[in-house]
Amino acid sequence: MHKALKHRGIKRLWAPMVTTDGAGVTLRRSIGTGTVSHLDPFLLFDHFGSSNPEEYIAGFPMHPHRGIQTVTYMLKGKIRHRDSVGNSGVIEAGGVQWMTAGSGILHEEMPEMTEGRLEGFQLWVNLRSNEKMSEPGYQEFSAVDVPLERAGDGVKVKVIAGKFDGLEGPVRGVSGAPAYFDISIKGNKAFEFELRGDRAVFGYVYRGGLKIESFDDNEAQAPEALEFKSGGDAISLRATEDGASVLVIAGSPIREPIARYGPFVMNTEEEIKATLEELRNGTFIKDD
Ligand code: MN
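Predicted, not measured: the structure shown is a model, and the values here were computed from it.

**Q** A description of the coordination of the manganese ion should follow, citing residues and the corresponding values.
**A** Bound to the manganese ion on the protein side are His 63 (NE2), His 65 (NE2), His 107 (NE2) and Glu 109 (OE), at distances that span 2.1 to 2.4 Å. Between consecutive donor residues of the manganese ion, the sequence gaps follow H-x1-H-x41-H-x1-E. Pair noted here: His 65 is in strand S5 (residues 60–65) and Glu 109 is in strand S10 (residues 105–111), with a separation of 44 residues, a long-range link. The class for His 65 is buried, based on a relative accessible area of 1%.

In structure tokens form, the structure reads like this:
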């Protein structure tokens, strides 16, 4: 077993805000709200999920992005993606798309089914100032590409990005080398794993609950987000009797100024103004 690990405690717990985005998709937003505007390097975190097609069918028609990475991880249903660079594909249950908008893309993200349940997550990861105008690109993987680790008694870890116990997620070579784990823990089971203290870490409980001893209600019940303290080198999770499904996402803080306007995240207001001007005059997409 490992040397004794120092656990990172919980810094805060909060409930997502219910909102709509795109052409009318109902979602729960945990990062990118008045409560938690950003959690460097993360700029936005959405959980969309409904069995009512009216809450998702309008999707996210053609829209631009610049200066960020967007990460879509699907639990149920399908999203078809199409972009100005000529890429297209379908993200299915268990699949992930890691898109680097860089200098700019236009894309659409549309549910491919008209009935049944659609559920997934979208995370925005910031880019450093010297990467914001880089060439756009994306990586897409299906469920079979995502390694699954049975980590002891009653714990399963899907490694989407980063390294876990000798496994490496399929998403590689992206800015900041983030980690993205989908962890399920059976009722009353506990689980700890190493995660360096110099990285920002947040969790999102999307099923069941976690026992959190240091907080008043002593539990984080789905849907709820939590931020781990800096320092220490391990994350410790304990499921309530119902068990828990939790995303744990880690990244290195960028510590640069943030100027954001909708789908654009730059360092200065001037860069945002220039972006809007380029959209107006048709020079937003850099195609060479
Ligand atoms: Mn988008």
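**Q** Could you give an account of the pairing of strand S11 (residues 118–126), naming the residues involved and the relevant values?
**A** With nine of nine residues buried, S11 lies mostly within the body of the structure. The two faces of S11 match: Leu 118, Gly 120, Gln 122, Trp 124 and Asn 126 on one face and Glu 119, Phe 121, Leu 123 and Val 125 on the other face are all buried. Pairing analysis gives eight bridges linking strand S6 (residues 68–76) to S11, with the strands arranged antiparallel. Bridged to Lys 76 within S11 is Glu 119.

**Q** Requested: an account of the side chain of Thr 240, with residues and values cited.
**A** Summarising the element assignment, Thr 240 is placed in strand S22 (residues 234–251). Beyond its immediate sequence surroundings of up to four residues, Thr 240 is in contact with Gly 187, Asn 188, Gly 209, Leu 210, Lys 211, Glu 219 and Gln 221.

**Q** I'd like a rundown of unusual backbone geometry, residues and numbers included.
**A** In this structure, the amide linkage connecting Asp 40 to the following residue, Pro 41, adopts the cis form with an omega of 10°. Relative to the helices and strands, Pro 41 resides in the loop between strand S3 (25–31) and strand S4 (42–50). Between Ala 222 and Pro 223 the backbone carries a cis peptide bond, its omega angle lying at -5°. Mapped onto the elements, Pro 223 comes out in the loop between strand S20 (219–221) and strand S21 (224–228). If you check the backbone angles, Ala 177 has positive phi at about 40° while not being a glycine.

**Q** Give me the sheet that holds S10: which residues, what numbers.
**A** Taken in spatial order, the four strands make up an open sheet running S5-S10-S7-S8, and their pairing is antiparallel. Edge positions in the open sheet fall to S5 and strand S8 (88–91), since each of these has one partner strand only. If you compare each strand with its neighbour and ignore which way they point, the axes differ by 20° on average. Here strand S7 (residues 79–83) runs beside S8; their pairing, made up of four bridges, is antiparallel. Note on S8: the bridge partner recorded for Arg 80 is Val 90.

**Q** Run through the layout of surface pockets, naming residues and quoting values.
**A** Looking at the largest pocket, its volume works out to about 370 Å³. Along the walls of the largest pocket sit 19 residues, with Asp 21, Gly 22, Phe 60, His 63 and Trp 124 positioned nearest its centre. In terms of residue count, the dominant contributor to the lining of the largest pocket is S5 (four residues).

**Q** Report on the sheet that holds strand S12 (residues 137–141), specifying residues and quantitative values.
**A** Read across the open sheet, the seven strands follow the order S2-S3-S4-S11-S6-S9-S12; overall the sheet is antiparallel. The open sheet has two edge strands, strand S2 (17–21) and S12, and neither has a second partner. When the angles between neighbouring strand axes are averaged without regard to direction, this sheet yields 20°. Judged from the five bridges that link them, S6 and strand S9 (residues 96–100) form a sheet pairing that is antiparallel. Along S9, the bridge assignment pairs Gln 69 with Thr 100.

The rules behind the values
Residues numbered from 1 in each chain as written. Predicted model: local features only at pLDDT ≥ 70, side-chain atom pairs only at ≥ 80, totals over all residues. Heavy atoms only, no water. Donors = N, O, S within 2.8 Å, 3.2 Å for Na, K, Ca; no water. Helix = DSSP H or I, 4+ residues; strand = E, 2+ residues; numbered from the N terminus. Buried < 20%, exposed > 50% of the residue type's maximum accessible area, 1.4 Å probe, protein only. Pairing = 2+ DSSP bridges. Contact = heavy atoms within 4.5 Å. Axes fitted to C-alpha atoms, helices over the stretch in contact; angles between N-to-C directions. 1 Å grid on protein atoms, 1.4 Å probe; cavity = no way out; pocket = protein on both sides within 12 Å on 5 of 7 lines; lining within 4 Å. Points joined across faces, edges and corners; volume = space filled by probe spheres on them.

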